[in-house]
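Chains, contacts and geometry: an overview
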Amino acid sequence: MSMDFKHIAYADLNSPQKESYNFHKIAARLADYGFNCIPLNDDWLGADFIASHIDGKIFLKVQQKGRFEVNRKYCGKDLYVAFRSGDDVYVYPHDTMMEKLIEWGNTKGRLVETESWKKGGFSWKNPTKGHLALLQPYRFDAPSK
């Protein structure tokens, strides 16, 4: 049987399909770094998936997002946040990043005083150069060919 599969257009996917697509893209990248990712159906303890490392020591509860985000509802839950930006994959400790953003934002004088912050948090579809500098230690590069 011959099948003629074609690449899909991400923009044509509905929201659940985009979430599944992003999970598999993130999981594939993390596999290059020795992680096995197990999706969760019930948002267990705030996590969308578990990432366990082959070293048997690292076990991450991961909240998957479609963009760079911090939100107070994730505070104190020992969660990591994973998102894709172009071909880059980032997985960062939520509370640590939130602290860094508050410190960084306060030096700019505008983060914690905004209405978005009062409502719970922030998200950025396109991280700024400043954000990318904060995110750099949490970037999982594609393997070199």
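To be clear, the structure that these remarks concern was listed above.
Let us look at the overall build of the protein chain. Along the backbone of the protein chain there are 4 helices and 8 strands. Dimensions along the principal axes, computed over C-alpha positions, put the protein chain at roughly 60 × 40 × 35 Å. Taking all 145 residues of the protein chain together, 37% fall into the buried category. Of the contacts made within the protein chain by residues no fewer than 6 positions apart, 42% connect residues no fewer than 24 positions apart.

We now examine a nonpolar patch on the surface. A contiguous nonpolar surface patch, about 330 Å² in accessible area, is contributed by Trp44, Leu45 and Phe59. Counting through the fold element by element, Trp44 comes out in the loop between strand S1 (35-39) and strand S2 (49-53).

With that settled, consider the side chain of Asp48. Counting through the fold element by element, Asp48 comes out in the loop between S1 and S2. What Asp48 contacts, discounting residues up to four positions off in sequence, is Glu19, Pro39, Leu40, Asp43, Val62, Gln63 and Gln64.

Below, the discussion takes up the packing of aromatic side chains. Taken as a whole, this structure holds 10 aromatic pairs when the rule is applied. Both rings, one in Tyr33 and one in Phe140, keep their centres 4.9 Å apart while their planes meet at 85°; by these two values the pair is edge-to-face. Of this pair, Tyr33 sits in the loop between helix H1 (15-31) and S1 while Phe140 sits in strand S8 (residues 139-140), and the two are 107 residues apart along the sequence. Taking the relative accessible area as the measure of exposure, Phe140 reaches 15% and is therefore buried. Taken together, a centroid distance of 5.8 Å and an interplanar angle of 25° make the contact between Phe68 and Phe83 stacked. One end of the pair, Phe68, is in strand S4 (residues 68-71); the other, Phe83, is in strand S5 (residues 79-85), with 15 residues separating them in the sequence. Each member of the pair, Phe68 together with Phe83, is buried. Here the aromatic residues Phe68, Phe83, Tyr90, Tyr92, Phe122 and Trp124 are joined through ring pairs into a cluster of three or more.

In this section: the side chain of Asn22. Position of Asn22 among the secondary structure elements: in helix H1. Contact partners of Asn22, with chain neighbours within four places excluded, come to Tyr10, Gln64 and Arg84.

What follows concerns unusual backbone geometry. The phi angle at Leu45 is positive, at roughly 50°, despite the residue not being glycine. Mapped onto the elements of the fold, Leu45 is located in the loop between S1 and S2. Positive phi, normally seen in glycine, also occurs at Asp78, with a value near 55°.

Let's shift gears to the sheet that holds strand S6 (residues 88-93). Taken together, 6 strands build an open sheet; the order of strands is S1-S2-S3-S5-S6-S8 and the sheet is mixed. Of all strands in the sheet, those with a lone pairing partner are S1 and S8, marking the two edges. Two strands pair when backbone bridges link them, and S5 and S6 are joined in this way by 6 bridges, in the antiparallel orientation. Counterpart to Val81 in the pairing with S6 is Tyr92.

What follows is about the nonpolar core. Membership of the largest hydrophobic core comes to 15 residues, with the highest contact counts inside it found for Phe68, Val70, Phe83, Tyr92, Met97, Leu101 and Leu135. Broken down by secondary-structure element, the contributors of at least two residues to this core are S4, S5, S6, helix H2 (94-108), strand S7 (121-124) and helix H4 (129-135). Among the elements that line this core, the one with the most residues is H2, at 3 residues. Those residues in contact with Leu135 that sit more than four places away from it in its chain are Phe68, Phe83, Tyr90, Tyr92, Met97 and Pro127. Counting residues in hydrophobic clusters, the runner-up holds 14 residues, among them Ala27, Phe35, Phe49 and Val89.

Conventions and cut-offs
Residues numbered from 1 in each chain as written. Predicted model: local features only at pLDDT ≥ 70, side-chain atom pairs only at ≥ 80, totals over all residues. Heavy atoms only, no water. Helix = DSSP H or I, 4+ residues; strand = E, 2+ residues; numbered from the N terminus. Buried < 20%, exposed > 50% of the residue type's maximum accessible area, 1.4 Å probe, protein only. Contact = heavy atoms within 4.5 Å. Patch = residues over 30% accessible without salt bridge, like charges linked within 9 Å, V, L, I, M, F, W, Y side chains within 5 Å. Areas by Shrake-Rupley, 256 points an atom, 1.4 Å probe, with all protein chains shown as cover. Salt bridge = Lys/Arg side-chain N within 4 Å of Asp/Glu carboxyl O. Phe/Tyr/Trp six-rings, centres within 6.5 Å; stacked < 30°, edge-to-face > 60°. Pairing = 2+ DSSP bridges. Core = buried A, V, L, I, M, F, W, Y, C linked by side-chain atoms within 4.5 Å.

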